[in-house]
Amino acid sequence: MSLIVEKLPKIKYQKGFTLLELLVTIALLGVIAAVILRAINPFTQIAKARDAVRKQDVNALARAIQAYHVENYPALPAAGNTYISTDGSPPENAGGAGWIPSDLSTQVKTLPIDLLNNGAYFYRYYADTVPPPGRFKIDVRMEADFAAAENDGGIDPNRYEVGTDKTLLPP
């Protein structure tokens, strides 16, 4: 019996993975990563975050303008014109040199500007000089939160609108 055992080939067990196993594993990891990135979509998440900041900014600015109106009744800041946040030097100056050329420094430290603040994404303010006094609107274009722009009660379905009269049209 010992003669038979000696003639059997010894099986060598190799440690590690074959090239095919490694390639299949890498391919599966790539597919899983692609599915996860597609589901999460970081660019949309970043756009939604910017939209949240936009809504917060224009709501805070609307409260500041209402406070200005109460303190300076019947005046509104820079009534009769349209102002956008890409204007002014520096545009954040709340003392009258910013993008709204009225002194709002008692209501806000700085004027908000859009995070992108370019030709497509900017804040827009206008106030009417026609009675009744106190009619104004601030609006901003949204990147991802289109439902907020459509359901804000304003007349432009592409811009998020706040203010005392969301039906105002720019002069």
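Rules used throughout
- Each chain carries its own residue numbering, running from 1 in the written order of its sequence.
- Confidence filtering applies because this is a predicted model: local features only for residues at pLDDT of at least 70, side-chain atom pairs given and counted only at 80 or more, and all residues used for totals across whole chains, interfaces and linings.
- As a rule here, side-chain values cover all heavy atoms of the structure and leave hydrogens and water aside.
- Working definition: helices are DSSP H or I runs of at least four residues, strands are E runs of at least two. Numbering for both runs from the N terminus.
- Atoms counted for the radius of gyration: C-alpha only. Globule rule: 2.2 Å times the number of residues to the power 0.38.
- Burial classes: relative accessible area under 20% of the type maximum marks a residue as buried, over 50% as exposed, and values in between as partly exposed (1.4 Å probe, protein chains only).
- By the convention used here, residues are in contact when the closest approach between their heavy atoms is within 4.5 Å.
- Each accessible area is a Shrake-Rupley result for a 1.4 Å probe, and residues are judged covered by the shown protein chains and nothing else.
- Buried Ala, Val, Leu, Ile, Met, Phe, Trp, Tyr and Cys residues form a nonpolar core when they are joined through side-chain atoms within 4.5 Å.
- At least two bridges found by DSSP between two strands is the condition for calling them paired.

If you tally the helices and strands in the protein, you get 4 helices and 4 strands. N-terminal to C-terminal, the α/β element order of the protein is α-α-α-β-β-β-α-β. Relative to the globule expectation of 16 Å for 171 residues, the C-alpha radius of gyration of the protein, 30 Å, shows a markedly less compact shape. Each of the three principal axes of the protein carries a C-alpha extent, and together these read 115 × 30 × 25 Å. Counting all 171 residues of the protein, 32% fall into the buried class. A fraction of 55% describes how many contacts in the protein between residues 6 or more apart in sequence connect residues 24 or more apart. Of the accessible surface of the protein, which amounts to about 11,000 Å², a share of 62% is contributed by carbon and sulfur atoms.

Attention now moves to the nonpolar core. Counting residues in hydrophobic clusters, the biggest one holds 26 residues, and the most contacted among them are Y125 and I138. Not counting residues within four places of it along the chain, the set of residues in contact with I138 comprises V58, L61, A62, I65, R124, Y125, Y160, E161 and V162.

The side chains of a regular strand alternate between the sheet's two faces. With 5 of its 5 residues buried, strand 2 (residues 123-127) lies for the most part within the structure. Of the two faces of strand 2, both are covered, the one formed by Y123, Y125 and A127 as well as the one formed by R124 and Y126. Taken together, the 5 bridges between strand 2 and strand 3 (residues 136-141) define a ladder with antiparallel strand orientation. Each residue of the ladder has a partner; that of Y123, found in strand 3, is V140.

Attention now goes to the pairing of strand 4 (residues 159-163). Burial runs high along strand 4: 4 of the 5 residues are buried. Bridge count for strand 3 against strand 4 is 5 bridges, and the pairing is antiparallel. Pairing of I138 across the sheet is with V162, part of strand 4.

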